[in-house]
Amino acid sequence: MPVFFDEEKKIFKLDTAGSSYIFEIYEQGYLVHLYYGAKIPDSNVTSFVDRGFFASECPVNINIDNPRFSPDVSPFEFPGEGSGDFRSSAIAVRNEEGNNVTDMRYVSHKIYPGKPAIEGLPALFVNDESEAQTLEVLVRDSVTGVEAVLFYTVFEKYSAMTRSVKVINPTAKTVRIERIMSCCVDFATHDYDMITLYGKWLKERSLERAPLTHIKQGVASKRGSSSHHHNPFAAIVDHDCNEDYGSAYGFNFVYSGNFVFEAEIDPFAGTRAVMGINPEGFEWTLESGESFSAPEVVMVYSDAGLGKMSRTFHRLYTDNLIRGKWAHIKRPLLINNWEATGMDFTGDKLVTFAERAKELGIDMLVMDDGWFGRRDDDTSSLGDWIVNEEKLGGPLNKFIERINALGIKFGIWFEPEMVSRDSDLYRAHPDWCIHVPRREKSIARMQYVLDFGRKEVRDYIYSLMYGILSANKIDYVKWDFNRYLSEAGSAGLPADRQKETFHRFVLGTYDILNRLTTDFPDILLEGCASGGGRFDPGMLYYSPQIWCSDDTDPIERLSIQFGTSLCYPASAMGAHVSASRRACLETKGNIALWGTFGYELDPNTFTEEDRETVKLQVNEYHKYYDVIHSGDLYRLITPDKNDFRAAWMFVSRNKEAALVTSVVMRTPEDRAFFLKLKGLDPDKYYVEDESGEAYSGALLMNAGLCLNNYGNADGDSFKIYLRAL
Ligand code: GLA
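Residues numbered from 1 in each chain as written. Predicted model: local features only at pLDDT ≥ 70, side-chain atom pairs only at ≥ 80, totals over all residues. Heavy atoms only, no water.

Caption draft 1: Expanded view of the overall build of the protein. Counting its regular elements, the protein contains 13 helices and 39 strands. Expressed as lengths along the three principal axes of its C-alpha atoms, the size of the protein is roughly 85 × 70 × 45 Å. Every one of the 725 residues in the protein was classed for burial, and the buried ones make up 63%. In the protein, 68% of the contacts between residues at least 6 apart in sequence involve partners at least 24 apart. With an accessible surface of roughly 26,300 Å², the protein has 49% of that area assigned to carbon and sulfur atoms. (Helix = DSSP H or I, 4+ residues; strand = E, 2+ residues; numbered from the N terminus. Buried < 20%, exposed > 50% of the residue type's maximum accessible area, 1.4 Å probe, protein only. Contact = heavy atoms within 4.5 Å. Areas by Shrake-Rupley, 256 points an atom, 1.4 Å probe, with all protein chains shown as cover.)

Following this line, the structure appears as structure tokens:
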């Protein structure tokens, strides 16, 4: 069984195919972390408790007769605030006396098959109870009586586990949670780098790597969403870890709001990493009898570098995070009008898009922003979800009938959480947006954020969306989110609960996403937030695909797609061919093929040659769909390491097929190019589709393919498709 409890030694051992995670119930009920890393057979590792404590000023527990045990240095599972551990704490609860000293000790535990859902929050699930096993550990602060349940779910076959926490107040008093981290890992050593994904609008999820130091480092968002600027992902890796070698510990937070990941080398040469809701701007009041569930962290361990870590995340998310009908069936190939028309379109114009789409083999037309209210530019109408029939040339259902009559499916854009200052909704309910009294509301894109923490606000918006979605044949919804939260307060909350606004907003968004996916299970949802500003596992739980970035320049997209691929699968990456100026249509197609694939341009502008290229790409989309969407990704040449070329490949899980893609970002100085492939079966022979040449997997991986005669100029690209003999 993946979760094992040694009654005598009081040790928990959580094993997966490739990792072990061990902790013990130490004296006085302290939960002491012992080991996390490559799988080991031993469970008796109690000597790992000793972290070399020697400093006389370190606080100790007088009931423990071990001078080498101190909260200041010992490795913990769930360290409390202010009780002798000065590193980042996992929990701080302010009690009725006004202090936030918190000290949670072991009470009991249970182990059971499967994985419980987290109420109101997205989380990994099991398709069958045999896929995972869960350990719940109940801890209690003996002074305040406040309790917490620590959840550990082990996905044995994936070298992955999840951790989350539920805080319970069984006391008669009201308490306030000031800080709640969903996981804390105390590594015994410190020779690590930290990898994170930073960015901004048009430059999301670029990889950054730096050695850990004694200075606390981390990434965070306090923008109200997971943000363009830092993804809720971090990896702690060996200094010499690369794509194929070394230990990598990946952490990904299943949450779409403010988060923090922090790592620090402590003075005793260990490393503490914590991840959870960003405590800045957060506090939660827990009345007597209430509980609070913190979102979960997904933890993946790889003993063979970043590539294996990514592939584990991809498989896990494909099988146990992305839900519903679209998780495993082929997605429609779409064309979106946004970059071609902006809001300046008519129904007739879009019908010409659908006509061209039909000729080219495209499956669906998505009508983006501008179809409702008086929305001819971005200054008005968000919140007024009433079809602009004048623009569409009639009612929406009639317009969709025209599209469907061509054999083309129809998708539509919404930005549910927003309200324009110039809107009937804002004029009627100015207090329905996130704001605080007496302060000017900052405006962005001439819009405010609706207070989705309030049920009446959510109900109103959802009733409009429901009306449109239930009365019309809509196959796809793009859910957008185009500004951050500022002056974060809620008119629906009392003064002492204002710091709940951010989290309640996220819960409100999840509530509407849940209603929408329950009421309309056939609709394919695509997340979006000014491009990829909310690309996180929380959104992925509801929307199987997320628009990667508003930057559709194919060469710039490379670093975004490489970064995104660290933990998110290709099937999740919204990627389109656009009319952007750089690179030819073939290269744009080759890069977009890595993701969901689609078009974001006016197909009426195509030349005859373009049309032939697009038809070819549509065929390729179908031909390579399975290897890309269900196969394993190998990053061969990454843009953070090489200025000239990027290359990647997908290998089917049975190693029968592989698709290799290479792009020239800048004309290389040295034209000699041998590309060593990965992930193939060394004993199989593979036939190259175009040339008919056969090579062994061993040759392809060790000698590589000689590609000197392939395109070598700026923006050139090529694909090689291999099939096992
Ligand atoms: C955001 C999205 C775009 C488009 C516009 C519409 O910027 O990222 O794809 O939908 O909004 O306003």
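Caption draft 2: Layout of the pairing of strand β2 (residues 11-15). Here β2 lies mainly inside the structure; 5 of its 5 residues are buried. Neither face of β2 is left uncovered, since the one carrying I11, K13 and D15 and the one carrying F12 and L14 both have all their residues buried. Both strand β1 (residues 3-6) and β2 contribute to a ladder of 4 bridges, which runs antiparallel. Among the inter-strand pairings, V3 is bridged to a residue of β2, identified as L14. The loop that links β1 with its antiparallel partner β2 comprises 4 residues; one of these, K10, has a positive phi angle of about 60°. (Pairing = 2+ DSSP bridges.)

Caption draft 3: Region of the structure containing the pairing of strand β26 (residues 476-479). Neither face of β26 is left uncovered, since the one carrying Y476 and K478 and the one carrying V477 and W479 both have all their residues buried. Summarising the sheet, strand β23 (residues 409-414) and β26 pair through 4 bridges and their orientation is parallel. Residue F414 lies in a different strand from β26, and its bridge partner there is W479. As paired elements, β26 and strand β27 (residues 524-527) share 4 bridges and run parallel to each other. Counted as the bridge partner of Y476 is L524 from β27.

Caption draft 4: Up close: the packing of aromatic side chains. Evaluation of the coordinates by the stated rule reveals 48 aromatic pairs. On the basis of an interplanar angle of 75° and a centroid distance of 5.1 Å, the ring pair of W371 and F372 is categorised as edge-to-face. Of the residues examined, F372 reaches a relative accessible area of 0% and is grouped as buried. Consider the rings of F562 and W648, whose centres lie 5.8 Å apart with planes at 85°: the pair is edge-to-face. Residue F562 is found in helix α10 (residues 554-564), and its partner W648 is found in strand β33 (residues 645-651); the two are separated by 86 residues along the sequence. Residue classification places F562 among the buried residues on the basis of a relative accessible area of 5%. Here the aromatic cluster, defined as three or more aromatic residues joined through ring pairs, consists of F5, F12, Y21, F23, Y36, Y152, F187, Y192, Y249 and Y301. (Phe/Tyr/Trp six-rings, centres within 6.5 Å; stacked < 30°, edge-to-face > 60°.)

Caption draft 5: Local environment of the side chain of E243. With respect to the element layout, E243 can be found in the loop between β14 (230-238) and β15 (248-253). Here R635 takes part through its side chain, which lies 3.1 Å from a polar atom of the side chain of E243. Residues contacting E243, with those up to four places away along its chain left out, are A304, G305, L306, G307, K308, R635, T638 and K678. (Polar contact = N/O pair within 3.5 Å; in protein donor to acceptor, adjacent residues only side chain to side chain.)

Caption draft 6: The arrangement of the sheet that holds strand β31 (residues 598-600) in detail. Spatial ordering of the open sheet is given by β29-β28-β27-β26-β23-β22-β21-β31-β30, a layout of 9 strands whose pairing is parallel. A single partner strand is all that each edge strand has here, and the edge strands are β29 (573-574) and β30 (577-578). Taken together, the 2 bridges between β27 and strand β28 (residues 545-547) define a ladder with parallel strand orientation. In the sheet register, G527 faces β28, and the bridge partner there is I546. Packing against the sheet, helix α8 (residues 501-519) makes contact with β26 and β27, and its axis sits at approximately 175° to β26. (Axes fitted to C-alpha atoms, helices over the stretch in contact; angles between N-to-C directions.)

Caption draft 7: Layout of the site of the ligand. D368, D369, K478, G531 and D550 are the nearest of the 13 residues found near the ligand. R445 is positioned with one of its side-chain polar atoms (N or O) 3.0 Å from an oxygen atom of the ligand. With respect to the ligand, the backbone of G531 contributes an N or O atom lying 2.8 Å from an oxygen atom. Computed on the free molecule, the ligand has an accessible area of 310 Å², of which 96% lies beneath the protein chains in the complex. Of the residues that constitute the shell around the ligand, the class distribution is 4 nonpolar, 3 polar and 6 charged. (Near = heavy atom within 4 Å. Nonpolar A, V, L, I, M, F, W, Y, C, P; charged D, E, K, R; others polar.)

Caption draft 8: Spotlight on the packing of helix α3 (residues 347-360) against helix α5 (residues 396-405). Across the interface, α3 lies against α5 with an axial gap of 9 Å and an inter-helix angle of 20°. By the angle between their axes, α3 is roughly parallel relative to α5. The handedness of the crossing between α3 and α5 is right-handed. Contacts between α3 and α5 pair G347, D348, L350, V351 and A354 from the former with F399, R402 and I403 from the latter. (Parallel < 35°, antiparallel > 145°, perpendicular 65-115°, else oblique. Left-handed = near helix turned anticlockwise from the far one by under 90°.)

Caption draft 9: Seen up close, the environment of R723. Take R723: it is sitting in strand β39 (residues 717-724). Overall, the relative accessible area of 44% leaves R723 in the partly exposed class. Each C-alpha atom of the pair R723 and D15 lies 36 Å from the other, and the pair is 708 residues apart in sequence.

Caption draft 10: A look at the sheet that holds strand β36 (residues 685-688). The 6 strands lie next to each other as β32-β33-β34-β39-β36-β37, forming an open sheet whose pairing is antiparallel. Two strands in the sheet have a free side with no partner beyond their single neighbour: β32 (632-637) and β37 (694-696). Direction aside, neighbouring strands of the sheet carry axes that sit 25° apart on average. Of the pairings in the sheet, the one linking β32 to β33 comprises 5 bridges and is antiparallel in character. Opposite L633, over in β33, you have F650 as the bridge partner. Those strands touched by helix α11 (residues 585-592) are β33, β34 (657-664) and β39, and its axis lies near 50° from that of β39. Strand contacts of helix α12 (residues 608-630): β32, β33, β34 and β39, with the helix running at about 100° to β34, the strand carrying the most contacts.

Caption draft 11: Focus on α11. Across the 8 residues that make up α11, a large majority, 7, are buried. All of the buried residues in α11 are L585, T587, K588, G589, N590, I591 and A592. If you follow the buried residues of α11, they end up packed against α10, β30, α12, β33, β34 and β39.

Caption draft 12: Looking closely at the pattern of salt bridges. Counted under the stated rule, the structure contains 60 salt bridges. Across the pair E612 and K615 runs a salt bridge, and its minimum N-O distance is 3.7 Å. A residue pair is termed a helical-turn pair when its members lie 3 or 4 positions apart in one helix, as E612 and K615 do in helix α12 at 3 residues. Given a relative accessible area of 43%, E612 falls into the partly exposed group. Each member of the salt-bridge network shares a partner with another, and the members are D85, R87, D186, D266 and R272. (Salt bridge = Lys/Arg side-chain N within 4 Å of Asp/Glu carboxyl O.)

Caption draft 13: Looking closely at the nonpolar core. Residues F251, W371 and L396 are the most contacted members of the largest nonpolar core, which totals 192 residues. Of the residues forming this core, the biggest block, 8 residues, is contributed by strand β10 (residues 175-187). Formed by 21 residues, the second largest nonpolar core is a distinct cluster that contains V660, F673, L705 and F718. (Core = buried A, V, L, I, M, F, W, Y, C linked by side-chain atoms within 4.5 Å.)

Caption draft 14: Broad picture of unusual backbone geometry. Even without a glycine there, the phi angle at Q28 is positive, about 60°. Considering the arrangement of structural elements, one finds Q28 in the loop between β3 (19-25) and β4 (31-38). Classification of Q28 as partly exposed rests on a relative accessible area of 38%. Backbone geometry at A583 places phi at a positive 75°, although glycine is not the residue there. By the secondary structure assignment, A583 is in the loop between β30 and α11. For A583, a relative accessible area of 25% gives the class partly exposed.

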